[in-house]
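What follows is each chain in one-letter form.
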Amino acid sequence: MAASLKRPKAPNAHYCPSLKSFYEAKATGVLTKPLVALLASLQSSSASASNEQAIHVAVGLSGGADSSMLLATLAPLLRELNITAHILHIHHGLMVDADAWAKHCQALATYLGFNCEVLRVAVDTDSGLGEEAAARLARYQAYREYCQAHQIEHFILAHHLNDQAETLLLRLLRGSGVKGMGGMLSEHYYGGVHYHRPWLVLERQVITDAAALFTELSGFEMIRDPSNLDIRYKRGALRRLLIPGLDQAWPQWKQNLSRHGRLMLEAQALLDEVAESDLAQLDLRDEGRDFCLAAWRKLSERRQANVLRYWLAFHHLPMPTERRLNDWLRQLREVHQLGFDRSLTLQHQQWQILVARGRVHLSKE
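Cut-offs and rules
Residues numbered from 1 in each chain as written. Predicted model: local features only at pLDDT ≥ 70, side-chain atom pairs only at ≥ 80, totals over all residues. Heavy atoms only, no water. Phe/Tyr/Trp six-rings, centres within 6.5 Å; stacked < 30°, edge-to-face > 60°. Helix = DSSP H or I, 4+ residues; strand = E, 2+ residues; numbered from the N terminus. Buried < 20%, exposed > 50% of the residue type's maximum accessible area, 1.4 Å probe, protein only. Expected span 1.5 Å × (residues − 1). Contact = heavy atoms within 4.5 Å. Lys, Arg positive; Asp, Glu negative; His and termini not counted. Salt bridge = Lys/Arg side-chain N within 4 Å of Asp/Glu carboxyl O. Pairing = 2+ DSSP bridges. Axes fitted to C-alpha atoms, helices over the stretch in contact; angles between N-to-C directions. Core = buried A, V, L, I, M, F, W, Y, C linked by side-chain atoms within 4.5 Å. Parallel < 35°, antiparallel > 145°, perpendicular 65-115°, else oblique. Nonpolar A, V, L, I, M, F, W, Y, C, P; charged D, E, K, R; others polar. Right-handed = clockwise from strand over helix to strand, strands pointing away. Disulfide = S-S within 2.5 Å.

Colleague: Could you clarify how one ought to interpret the packing of aromatic side chains in this entry?
Modeller: To describe a pair of aromatic rings, one takes the distance between the centres and the angle between the planes. Inspection of every chain in the model, using the stated rule, returns 9 aromatic pairs. Look at Tyr111 and Phe214: their rings are 6.3 Å apart centre to centre, the planes differ by 80°, and that puts the pair in the edge-to-face class. Placement of Tyr111 in helix 4 (residues 98-111) and of Phe214 in helix 7 (residues 204-218) is noted, with a sequence separation of 103 residues between them. Given the relative accessible area of 1%, Tyr111 is considered buried. One aromatic cluster is present, built from ring pairs that chain together Phe22, Tyr23, Tyr111, Phe214 and Phe220.

Written out as structure tokens, the structure reads:
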């Protein structure tokens, strides 16, 4: 459905008297509490770092109920705490209503007292990742570039419990390992930016309740992206075909999956501790890009695999498929530990893992 561009009731760049009952509503109070905690934490971190500059945060705004209520709920808090907000809307150019959605987000931001920057991205639909993943990659690339250009370290997103549960289901169906089954993190550092998801434990119903009241008071309807329920997309298929049955048969499935995700994060933390300890015993050289093959061979096969994954992640390499990783492990176990019998080069995108003279070395082409 196209974005609503209805003119709001009594818009005001600094204060919206018509929203008084919105900010007093129970649903808004539930949404506000984790935001207050997050902003207080950012202020505390800034003070402890003796940073006298104003705090700048970025907020993603798609125009849907989730991100719209994030901005609406944040608005008075940001003004009260004198935090500068950069509101960003990503124009993917994939939907016929994309231009209307961008205008809607700009109008909504203006109503709440902000400017909204529209960032146009080119989605590589031939990347082999699929349109959803390619759009996500382009979106976060745009976020990263904008934040770097404006020296913004913190980005607030509107993901909630339903998003988390859907993500865990999708990763389970793709066969993700322990790390992937940890789900989205409430705080995640990526590309020089701290991404915050303060609503990750809240059900979406709280957000839609607040959105309904906001629309009634302001005249702004929420954008409904038709792709969200389109079964051609994995998440849309999940919402249309699987989740209704889960809601009926297992009403607490979202909370249960969220708990499962927390347990997986704990398991991954333990695996990382073991890998960090093992890696320290491998006679690291060249800022950790080079380790001793013979020392690695002394580990059990499970720990060999675990420390190799950890080593790759430590150097920010994309994780290979399970099949490719198992092939690497086989070759590393079979090659002569001094590397004299034959040369071994393992290619991974623009990276190479080279074995020579008993050392395993990582280099970039």
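Now, onward.
Colleague: Even after reading the chapter, I still don't get helix 6 (residues 161-174), so can you show me in this structure?
Modeller: Residues spaced three or four apart along an α-helix point in a common direction, a consequence of the helix completing one turn every 3.6 residues. Taking 1.5 Å per residue as the helical rise, helix 6 with its 14 residues ought to reach 20 Å, and the 20 Å between its terminal C-alpha atoms agrees with that figure. All of the buried residues in helix 6 are Leu161, Asn162, Asp163, Gln164, Ala165, Glu166, Thr167, Leu168, Leu169 and Leu170. Packing partners of the buried residues in helix 6 comprise helix 3 (65-80), helix 7, helix 8 (234-249) and helix 9 (253-280). Immediately beyond the C-terminal end of helix 6, within one or two residues, lies Gly175, with a positive phi of roughly 80°.

Colleague: Got a minute to help me understand the side chain of Asp163 in this structure?
Modeller: Along the chain, the position of Asp163 falls in helix 6. Look at Asp163: it is buried, it has no salt bridge, and the nearest opposite charge is Arg239 at 4.0 Å. Contact partners of Asp163, with chain neighbours within four places excluded, come to Asp66, Ala158, Met184, Arg235 and Arg239.

Colleague: What should I look at first to understand the sheet that holds strand 10 (residues 359-364) in this one?
Modeller: For sheets, the rule is that strands pair by backbone hydrogen bonds, running either parallel or antiparallel. Spatially, the 4 strands line up as an open sheet ordered 7-10-9-8, and their pairing is antiparallel. Two strands close off the open sheet at either side, each with one partner strand: strand 7 (290-292) and strand 8 (344-348). The mean angle between the axes of side-by-side strands here comes to 15°, regardless of whether they run parallel or antiparallel. As paired elements, strand 7 and strand 10 share 3 bridges and run antiparallel to each other. Counterpart to Cys292 in the pairing with strand 10 is Arg359. Packing of helix 11 (residues 301-314) onto the sheet brings it into contact with strand 7, strand 9 (351-356) and strand 10, and relative to strand 10 it is tilted by some 30°.

Colleague: In this structure, what is going on with the sheet that holds strand 1 (residues 56-60)? I would like to understand it.
Modeller: As summarised here, the arrangement of the 6 strands in space is 3-2-1-4-6-5, forming an open sheet in which the pairing is mixed. Each edge of the open sheet carries a strand with a single partner, namely strand 3 (116-120) and strand 5 (187-190). Across the sheet, the axes of successive neighbouring strands diverge by a mean angle of 30°, strand direction being ignored. Where strand 5 lies against strand 6 (residues 193-196), 4 bridges are found, and the strand directions are antiparallel. Each bridged residue has a counterpart across the sheet, and for Glu187 the counterpart in strand 6 is His196. Contacts from helix 3 reach strand 1, strand 2 (84-91) and strand 4 (154-156) within the one sheet, and its direction differs from that of strand 1 by about 155°.

Colleague: Just checking my understanding: could you explain the nonpolar core for this structure?
Modeller: For soluble globular proteins, nonpolar side chains are generally found buried alongside one another. With 42 residues, the main nonpolar core has Met69, Leu112, Phe114, Trp199 and Phe214 as its most contacted residues. If you list the elements that add at least two residues to this core, you get helix 2 (26-48), strand 1, helix 3, strand 2, helix 4 and helix 7. The element best represented in this core is helix 3, accounting for 9 residues. Dropping the residues within four chain positions of it, Phe214 is found in contact with Leu19, Phe22, Met69, Ala72, Leu108, Tyr111, Leu112, Gly219, Phe220 and Met222. Within the second largest apolar cluster, 28 residues are counted, among which are Leu299, Tyr310, Val335 and Trp351.

Colleague: Teacher, can you tell me more about helix 11 here?
Modeller: For helix 11, spanning 14 residues, the distance from its first C-alpha to its last is 20 Å, which sits close to the expected 20 Å at 1.5 Å a residue. Among the residues of helix 11, Gln304, Ala305, Asn306, Val307, Leu308, Tyr310, Trp311 and Leu312 are the ones counted as buried. Immediately downstream of helix 11, the backbone of His316 shows phi near 60°, a positive value.

Colleague: Could you clarify how one ought to interpret the packing of helix 6 against helix 8 in this entry?
Modeller: Helix packing geometry: the angle between the two helix axes and the distance between the axes. Packing of helix 6 against helix 8 leaves a shortest axis separation of 11 Å and a crossing angle of 105°. On the basis of the axis angle, helix 6 is roughly perpendicular to helix 8. Of helix 8, the residues touching helix 6 (which contributes Asp163, Glu166, Thr167, Leu169, Leu170 and Leu173) are Lys234, Arg235, Leu238, Arg239, Leu242, Ile243 and Leu246. Across the contact of helix 6 with helix 8, the residue classes tally to 7 nonpolar, 1 polar and 5 charged.

Colleague: When you look at the pairing of strand 3 in this model, what are you seeing that I'm missing?
Modeller: Consecutive side chains of a regular strand alternate in pointing toward one face of the sheet and then the other. Sheet topology note: the strand 2/strand 3 ladder contains 5 bridges and is parallel. The residue of strand 3 that forms the bridge with Ile90 is Leu119. With respect to chirality, the unit in which strand 2 leads through helix 4 into the neighbouring parallel strand 3 is right-handed.

Colleague: Sorry, what's going on with the state of the cysteines here?
Modeller: Taken as a whole and assessed by the stated rule, the structure comprises 0 disulfides. A disulfide-free cysteine, Cys147 has its sulfur positioned 14 Å from the sulfur of Cys116, the nearest such atom. Since its relative accessible area comes to 1%, Cys147 is described here as buried.

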